[in-house]
Structures are given as C-alpha cells and as structure tokens.
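# Structure assessment
One letter stands for each residue in the lines below.
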Amino acid sequence: MEPIFHITTAAAWEAARAAGAYAADSLATEGFIHLSTRAQVLMVADNLFRGETGLVLLAVDPARLEAELRYDEVAPGQRFPHLYGPLNLDAVVAVHPFPPEPDGSFRLPAGA
C-alpha cells in the first residue's frame, strides 16, 4: 500500500514522540488531521508552507492507522485523505527533513 503524507514542524513531531501520539491542531478545530497522497504533497506544501523552514514530511502507512481514514472530496474531483483521530506513531514509517528550495517551493525528498 502506498504511503500517505503529513507536513508538520520538526518541533511538533518531537513533541508527539514525547507524548506518544500526534494530534495536529486541525484535529481539535476541524475534527481530522490533513494528509496528502504522494501526488498532492507538493501542491499542499507550495500553497500552505511556501518558504517555511523547520518542516518534516511524515510518511504514513495507511494499513497501520488506528483512527479512521477517509478520502474526502474537498473540491470537485479532488479527494484528500483525512485521519479522524490522533496519528499513532507506529504508523509513521519515515520522517524526512522537508526544507524549501531557494525560491520557497518544495520538492519531494529522496525516498519519499
């Protein structure tokens, strides 16, 4: 199964590791954690995180998720994965540094 991805700060990831689970702010405000398919990651990164430093890209194995995963339509023809609960740490199969390029855009890290 293809991994799905979540962009967060290195500090938030370290806090999650210390706490034993990851819960993005959107879980409290929207009821889910935003995720992306490989094909969606760069669009999300460039639109929402352009030029931001200190980010990591979490690669998540959907088969290991404990909370409910849904692919919700956010615009006609655009379905994004949303996790309706905290992200259990053992579902994260890789953590990639995710720095912006000099122009502020992003590219997928090697191995992502």
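Scroll up to find the structure this text is about.
In this report, we go over the structure that sits alongside the text. (Residues numbered from 1 in each chain as written. Predicted model: local features only at pLDDT ≥ 70, side-chain atom pairs only at ≥ 80, totals over all residues. Heavy atoms only, no water.)

When you go through the protein residue by residue, the secondary structure sums to three helices and eight strands. At 13 Å, the protein has a C-alpha radius of gyration in line with the 13 Å of a compact globule built from 112 residues. Its C-alpha atoms give the protein principal-axis dimensions of about 40 × 35 × 30 Å. Looking at the 112 residues of the protein, the share that counts as buried comes to 40%. As presented, the protein carries roughly 6000 Å² of accessible surface, and 54% of it is formed by carbon and sulfur atoms. In the protein, 7 side chains carry a positive charge and 14 a negative one; their mean positions are 4 Å apart. (Helix = DSSP H or I, 4+ residues; strand = E, 2+ residues; numbered from the N terminus. Rg over C-alpha atoms; globule rule 2.2 N^0.38 Å. Buried < 20%, exposed > 50% of the residue type's maximum accessible area, 1.4 Å probe, protein only. Areas by Shrake-Rupley, 256 points an atom, 1.4 Å probe, with all protein chains shown as cover. Lys, Arg positive; Asp, Glu negative; His and termini not counted. Charge placed at Lys NZ, Arg CZ, Asp CG, Glu CD.)

Another point: helix α3 (residues 38-48). Every buried residue belonging to α3 is among Gln40, Val41, Val44 and Ala45, and all of these are buried. Projected down its long axis, α3 shows its buried positions confined to an angular sector of 135 degrees, all on one face. With respect to the buried face of α3, the exposed residues turned more than 90 degrees away are Ala39 and Asn47. (Arc of directions from axis to C-beta.)

So, on to the sheet that holds strand β3 (residues 33-34). The sheet built from three strands is open, its strands ordered β3-β6-β5 with antiparallel pairing. The open sheet has two edge strands, β3 and β5 (68-75), and neither has a second partner. Pairing of β5 with strand β6 (residues 78-84) involves seven bridges; the strand directions are antiparallel. Looking at the pairing, glutamate 68 lines up with tyrosine 84 of β6. (Pairing = 2+ DSSP bridges.)

Counting residues in hydrophobic clusters, the biggest one holds 16 residues, and the most contacted among them are Leu58, Val60, Leu65, Leu83 and Leu87. Elements with a minimum of two residues in this core: α1 (10-19) and β4 (55-60). Sequence-distant contacts of leucine 83, that is, excluding residues within four places in its chain, are made with Leu27, Gly31, Phe32, Ile33, Leu35, Leu65, Ala67, Glu68 and Leu69. (Core = buried A, V, L, I, M, F, W, Y, C linked by side-chain atoms within 4.5 Å. Contact = heavy atoms within 4.5 Å.)

Among the structural elements, glycine 111 can be located in the segment after β8 (92-97). Residue classification places glycine 111 among the exposed positions, given a relative accessible area of 76%. Spatially, the C-alpha atom of glycine 111 lies 10.0 Å from that of alanine 59, the residues being 52 residues apart in sequence.

Right, let's talk about the side chain of glutamine 40 for a bit. With respect to the element layout, glutamine 40 can be found in helix α3. A polar side-chain atom of glutamine 40 sits 2.8 Å from the main-chain carbonyl oxygen of arginine 79. Apart from residues lying up to four places away in sequence, glutamine 40 is in contact with Arg79, Phe80 and Pro81. (Polar contact = N/O pair within 3.5 Å; in protein donor to acceptor, adjacent residues only side chain to side chain.)

Next up on the list: the sheet that holds β8. Spatial strand order, β1-β4-β8: three strands in an open sheet with antiparallel pairing. For this open sheet the edge positions go to β1 (4-9) and β8, each flanked by a neighbour on one side alone. If you compare each strand with its neighbour and ignore which way they point, the axes differ by 25 degrees on average. Set on the sheet, α1 makes contact with β1, β4 and β8; between it and β1 the angle comes to about 105 degrees. Packed onto the sheet, α3 meets β1 and β4 and runs at close to 25 degrees relative to β1. (Axes fitted to C-alpha atoms, helices over the stretch in contact; angles between N-to-C directions.)

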